[in-house]
Amino acid sequence: MLLAEAKDFVVIIPARLKSTRLPDKPLADIGGKPMVVRVVEQALQSDAGLVTVACDDMAIQDALAQAGYACILTRSDHASGTDRLAEAVDRLALPDATIVVNVQGDEPLIDPQLINAVAAALAANPAWDMATASHAIADCADFFNPNCVKVVSAADGRALYFSRAPIPWPRDQFAADRERLPAGLNAQRHIGIYAYRAGFLRTYGQLAASPLEGFEALEQLRVLWHGHAIGVVQTAQAPAPGVDTPEDLEKARAAFALRPD
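Notes on the structure follow. (Residues numbered from 1 in each chain as written. Predicted model: local features only at pLDDT ≥ 70, side-chain atom pairs only at ≥ 80, totals over all residues. Heavy atoms only, no water.)

With respect to the pairing of strand β9 (residues 159–163)
For a regular strand, side chains alternate in direction, first toward one face of the sheet and then toward the other.
Point 1. For strand β8 (residues 150–153) and β9, the ladder comprises 4 bridges, and the chain directions are antiparallel. Bridge pairing in β9 links S153 to A159.
Point 2. Remark: 5 residues form the turn of the hairpin made by β8 and β9, two consecutive strands paired antiparallel; G157 in that turn has positive phi of roughly 95 degrees. (Pairing = 2+ DSSP bridges. Helix = DSSP H or I, 4+ residues; strand = E, 2+ residues; numbered from the N terminus.)

Side note on helix α3 (residues 81–92)
Each α-helix winds once per 3.6 residues, and so residues spaced three or four apart point in a common direction.
Point 1. In this model α3 runs 16 Å from its N-terminal to its C-terminal C-alpha over 12 residues, within 8% of the 16 Å that 1.5 Å per residue would give.
Point 2. Residues of α3 that are buried include every one of T82, D83, R84, L85, A86, E87, A88 and V89, and no others.
Point 3. In the stretch just after α3, A93 is the one whose phi turns positive, near 55 degrees. (Expected span 1.5 Å × (residues − 1). Buried < 20%, exposed > 50% of the residue type's maximum accessible area, 1.4 Å probe, protein only.)

So, the pattern of salt bridges
Point 1. Across all of its chains, the model carries 12 salt bridges by this definition.
Point 2. With its nearest N and O atoms 2.7 Å apart, the salt bridge here joins K33 to E41.
Point 3. Since its relative accessible area comes to 24%, K33 is described here as partly exposed.
Point 4. On the accessibility criterion, E41 (19% relative accessible area) is buried.
Point 5. Put simply, D172 and R171 hold a salt bridge, and the shortest N to O gap is 2.9 Å. One exposure class covers both D172 and R171, and it is exposed.
Point 6. The network of salt bridges with shared partners includes K25, D106 and D244. (Salt bridge = Lys/Arg side-chain N within 4 Å of Asp/Glu carboxyl O.)

Listed below in structure tokens is the structure:
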């Protein structure tokens, strides 16, 4: 059973049925199983003591039940996955100190060690309210791509800012050459995985949206705007891509076709 007693941290997977670019995305077939089931299976390979799904539709609940997994049916009007997690935390009656990792429901190839890493980072840093991850950007195309979210961190690992803009901006080097990233820039791409304490998830729902969040379309900026700390774990390599489009789905299917089930 998924709803076993929690150990050091909990994984909750928010799953919303409707998607603009890929309708019924959580139920998309990947190697004979719905995508949301694939995400659960990956998360179960982490060290989490509990893995469950917070969904908004009975169709997702039924698909998980057929695979032998439990879930939490939440309201359908949540503005974000983080808000959905906040409801799930209350439904599970998790103590405020419980670490909760938000694994996106469209990450069927998520690395279980990445889940462990963000949970461990938050546990080791009581001054942080959240933890997330990043990896180095290797080329200018990604650096200038607004769909590639960048993060700049302080010396102690706290996020200073997230942006779709190219940050940090190497003024002098780019004045001469914008075709390559200068050595030592350490530009970092944000990876969309988050760890929180259950108490902060309850607080998050009370935070007013920030102007920065509205302009950048990045909900984590609400946390920084209100003075809360987000720690960033820098990973050695880029994670496997998530599924946002039909093309992404075909890539995920191809990846699973090469794996023993």
